[in-house]
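# Structural overview
What follows is the residue order along each chain.
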Amino acid sequence: MTTNIPIQWQVFYAGGEGINNRNTIRLVVTVVDFQCADAGLYQCQIFIPAPSHQANTTPVNITAKIGITQKDIYMTPHKKIIGEDIHSSVNTVGVEITLTCSFTGPANLQALWRRKKAGHEENYPYANNIKNSKPVFSVISGCNTYDYTSELKCTLEEKDNGTLYICVVMEDNIERSRKMFTNICSEQSTNNISPSKPGSRPDSAGSNVGTRVFGLLVVLVIIVVLIYFFVIQKNKQIESPEAYLCPVLPSGDWCGWC
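Residues numbered from 1 in each chain as written. Predicted model: local features only at pLDDT ≥ 70, side-chain atom pairs only at ≥ 80, totals over all residues. Heavy atoms only, no water.

Threshold: UniProt positions are given in the numbering used here, feature names are shortened, and annotations may be inferred rather than shown by experiment.
According to the UniProt record, the Subcellular location (unreviewed entry) comment for the protein chain is "Cell membrane".

Here is the structure:
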């Protein structure tokens, strides 16, 4: 039995030592930490010196590739919602946001951006907003490894409120991994107020007070006008004797119905 084996291999050998098991030999090789460098064609060859004999097992081809590791989506600017997880943010309508998707794996991976709202999921429709960087090559544990980065940039609109953005890692048109991020839109600056819950708007107590004051002033003006016409004007008519004089006809006679 050869002893020229890699350190991460564990070899178990049994048989061929006595008259009862000389024709039965069992060899087990266990690769403890299989890496891309261990990939290749495996075959067992057995040599029997007396009588001279050699036996070969059927070759087995073992391949290897590095797995896929996807990071969480990173968003800028990121304003975390109080009490919510880090995979959500509240931003003002009109602000430009950038969503970054990063992942590591073998060659020929692609990033597919999708979005979901009100239970409906679809591919992100604006391809011009997506930028895919050239993969960066490296070798890890003997495996050819590539680092991928994809960015989605867009200007927030009111209709984007509550949208779930999804970055899907595709390999040969098959989904391998996905990460998600939720964006909440507000209609005013959130610098000095606590972010609202999804589906709600920032507090507008100041504007509500102004509206109530204006409404009260309108009511007061209406009351003053009514008092003027129905009280003051009527009193003027009572105090004026001309209001009770009968009109004189052109003939000089008094009107008979006065």
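## Side note on the nonpolar core
Counted only if it meets this: Residue types Ala, Val, Leu, Ile, Met, Phe, Trp, Tyr and Cys, when buried and joined through side-chain atoms within 4.5 Å, form a set referred to as a nonpolar core. Buried residues are those whose accessible area, probed at 1.4 Å on protein chains only, stays under 20% of the maximum for their type, while exposed residues exceed 50% and partly exposed ones sit between those limits. Labels follow the DSSP assignment, with helices taken as runs of H or I lasting at least four residues and strands as runs of E lasting at least two, numbered in each case from the N terminus. Any two residues having at least one pair of non-hydrogen atoms within 4.5 Å are treated as being in contact.
With 18 residues, the main nonpolar core has L99 and W113 as its most contacted residues. It is strand β10 (residues 96-105) that contributes the most residues to this core, four residues altogether. If near-sequence neighbours (up to four positions away) are discounted, L99 is found in contact with I73, Y74, M75, W113, S150, E151, L152, Y165 and F181.

## Concerning the state of the cysteines
Structurally, a disulfide amounts to a covalent bond that connects the sulfur atoms of two cysteines. For the record, the criterion: Note on terminology: disulfide denotes any pair of cysteine sulfur atoms within 2.5 Å.
This structure, assessed with the given rule, holds two disulfides. Disulfide pairing is shown between C101 and C167; the S-S distance is 2.0 Å. Residues C101 and C167 are joined through a disulfide that is left-handed, its torsion about the S-S bond being -80°. Here the residue C101 occupies a position in strand β10, and C167 occupies one in strand β16 (residues 163-171), the gap between them amounting to 66 residues. No difference in accessibility class separates C101 from C167, as the two residues are buried. Of the cysteine sulfurs around C154, a residue in no disulfide, the closest is that of C185, at 8.6 Å.

## Topic: unusual backbone geometry
Following T76, the chain continues to P77 via a peptide bond in cis, the omega torsion being -10°. As for its placement among the helices and strands, P77 is situated in the loop between β8 (74-76) and β9 (88-92). In this structure, A118 is a non-glycine residue whose phi angle is positive, near 55°. Mapping A118 onto the fold places it in the loop between β11 (109-117) and β12 (120-123). Phi at D172 is positive, roughly 55°, even though this residue is not glycine. In this fold, D172 is placed in the loop between β16 and β17 (174-186).

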